[in-house]
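Here is what each chain is made of, one letter per residue.
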Amino acid sequence: MAALGLAVCMALLSGACKADSRQETGGTTEAAKTEAAQQTSPKEAEYLIKVAHTHAVGSLIDTALKDLADRISEKTDGRVVFEFYPSGQLGDKIANMESIRAGTLETCEAAITDMSSFNDSWSVFCMPFLFDNSEQCYQVYSNDEFFSLLQSDAEEAGFHLLSYINVGARSLISPKKLFQKPADCKGIKIRSLQDKYVARTMELMGFSVVPLGWTEVYTALQQGTVDAADNSAPLLRDAMLYEVADKFTVFEAVRMPDIILLSKSYWDSLPQDIQEAIDEACREYLENQWTSYEALEKDALTEFEEAGVEIGYIGEDGLEEFKAAVQPVYDELFQTVPDAKVIYDAL
């Protein structure tokens, strides 16, 4: 089914964090407080946008958000400025999304599957083996018609979708072992995104699933609450998980971007010229951010090696075993959430 999805995707589209580990485990450090204070906008700014995320100052996510903020401020001649709250200062990702809906926060970053808490069909983005590579993924997410489809869904939930952050493909880190085939996953407790189909995919692989917010993962690995976690190399590096887990398996089963959300009511309150400037800044930002990711991944892998992390790769036979094991999750999703098929067919 995944192969069919890729074929449909390509046919359609051919025509058309590095900081103190305490910051990543939920603590608010003095450095994070100082960073937020330094980003406070001047009083003369017309529009102040508060931005919350759960990653450390200087991380991939933090850097991407600041790049977008700078571009928007430049395009609006300083009329729009941003105030940052990193390292989970205002809560985890779902809490930040709820704050946007409540009108107490303007902008946040989240995993694209976090939207499934408000629209079940967005679980489709966590389906394994949807994309072959980053370029193919970019062709989908940068497509105007596909973006409009997602924008409509986001607006129904009270959000305006600004853009994405390329965070690469998710791989596995563990203090216990490398993973070469589904049998290696038996008895391993893995942290899961808070999406039931992410959890189901991991169960089909053989893992025992423990749903946790990102800010809890470092401590959970350190204390043995979980035995493994998945994310891209730069985000695992930014969270300094290699300090408590020294085995990294390049897996890349799931490739999905993070999303940058703005309050829909706040967006609607902005004048048209500001909206147009923000849209232009978002387009320029996305192309630059996506293409710059590869270098970040190489840097992260180099840091892993220098820190003594063992890096392993799954062989073709093992990969085929994983693909066969997870196929039932597609049928389960489409039977339970028929609207997810609409997005899948668009892919």
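Please read these numbers as outputs of a predicted model, since none were measured by experiment.

Undergrad: Give me the overall build of the chain: which residues, what numbers.
TA: Within the chain one finds 15 helices and eleven strands. Looking at the 347 residues of the chain, the share that counts as buried comes to 57%. When the accessible area of the chain is evaluated, it comes to approximately 13900 Å², of which 47% is carbon and sulfur surface.

Undergrad: Which residues make up helix H14 (residues 328–336), and what values go with them?
TA: Every buried residue of H14 is accounted for by Val-329, Tyr-330, Leu-333 and Phe-334. Within H14, the buried residues cover an arc of 125 degrees as seen down the axis, which keeps them to one side.

Undergrad: Describe the packing of helix H8 (residues 196–205) against H14, naming the residues involved and giving the relevant values.
TA: Two numbers describe how H8 lies on H14: the axes approach to 10 Å, and their chain directions differ by 155 degrees. In terms of their interaxial angle, H8 and H14 are classed as roughly antiparallel. H14 is crossed by H8, and the crossing has right-handed handedness. Together, Lys-196, Tyr-197, Arg-200, Thr-201 and Leu-204 of H8 and Pro-328, Val-329, Glu-332, Leu-333 and Thr-336 of H14 make up the contact between the two elements.

Undergrad: With reference to specific residues and values, describe the confidence of the model for the chain.
TA: When the pLDDT values of the chain are averaged, the result is 89; 87% of them are 70 or greater. Scored below 50 in pLDDT, residues 1–41 shows 97 contacts in the model against residues more than four places distant or in partner chains.

Undergrad: Describe in detail the sheet that holds strand E3 (residues 107–111), supporting the description with residues and values.
TA: With respect to topology, five strands assemble into an open sheet ordered E2-E1-E3-E10-E4, the strand pairing being mixed. In this open sheet, the two strands that pair with only one neighbour each are strand E2 (80–85) and strand E4 (159–165). For this sheet, the mean angle separating the axes of adjacent strands, direction not counted, is 30 degrees. Pairing geometry for strand E1 (residues 47–52) and E2, over six bridges, is parallel. The partner of Leu-48 across the bridge, within E2, is Val-81.

Undergrad: Now, about the environment of Ala-228: what can you tell me, with residues and values included?
TA: Tracing the chain through its elements places Ala-228 in the loop between helix H9 (217–223) and strand E8 (229–231). Given a relative accessible area of 0%, Ala-228 falls into the buried group. Taking the C-alpha atoms as reference, Ala-228 lies 6.4 Å from Lys-189; in sequence the two are 39 residues apart. When sequence neighbours within four positions are dropped, the list of residues in contact with Ala-228 reads Ile-173, Ser-174, Phe-179, Ile-188, Lys-189, Ile-190, Arg-191 and Leu-221.

Undergrad: So what's going on with the pattern of salt bridges? Which residues, and what values?
TA: Under the defined criterion, the tally for this structure stands at 23 salt bridges. Residues participating in the shared-partner salt-bridge network are Glu-46, Arg-79 and Asp-273.

Undergrad: Break down the packing of aromatic side chains for me, citing the residues and quoting the values.
TA: Inspection of the entire model under this criterion finds 17 aromatic pairs. Their ring planes at 70 degrees and their centres at 5.9 Å tell us that Tyr-330 and Tyr-344 sit as a pair that is edge-to-face. Here Tyr-330, found in helix H14, pairs with Tyr-344, found in helix H15 (residues 340–346); they are 14 residues apart in sequence, far enough to count as distant. When sorted by exposure, Tyr-330 lands in the same class as Tyr-344, which is buried. Following the ring pairs from residue to residue traces out a cluster consisting of Trp-122, Phe-125, Phe-131, Tyr-141, Phe-146, Phe-147 and Tyr-164. A cation over an aromatic ring shows up here: Lys-66 above the ring of Phe-84, its NZ or CZ 5.7 Å from the ring centre. Here the guanidinium or amino end of Lys-341 rests over the ring plane of Phe-334, the centre of that ring lying 5.8 Å away.

Criteria and thresholds
- Residues numbered from 1 in each chain as written.
- Predicted model: local features only at pLDDT ≥ 70, side-chain atom pairs only at ≥ 80, totals over all residues.
- Heavy atoms only, no water.
- Helix = DSSP H or I, 4+ residues; strand = E, 2+ residues; numbered from the N terminus.
- Buried < 20%, exposed > 50% of the residue type's maximum accessible area, 1.4 Å probe, protein only.
- Areas by Shrake-Rupley, 256 points an atom, 1.4 Å probe, with all protein chains shown as cover.
- Arc of directions from axis to C-beta.
- Axes fitted to C-alpha atoms, helices over the stretch in contact; angles between N-to-C directions.
- Parallel < 35°, antiparallel > 145°, perpendicular 65-115°, else oblique.
- Left-handed = near helix turned anticlockwise from the far one by under 90°.
- Contact = heavy atoms within 4.5 Å.
- pLDDT = per-residue confidence, 0-100.
- Pairing = 2+ DSSP bridges.
- Salt bridge = Lys/Arg side-chain N within 4 Å of Asp/Glu carboxyl O.
- Phe/Tyr/Trp six-rings, centres within 6.5 Å; stacked < 30°, edge-to-face > 60°.
- Lys NZ or Arg CZ within 6 Å of the ring centre and 35° of its normal.

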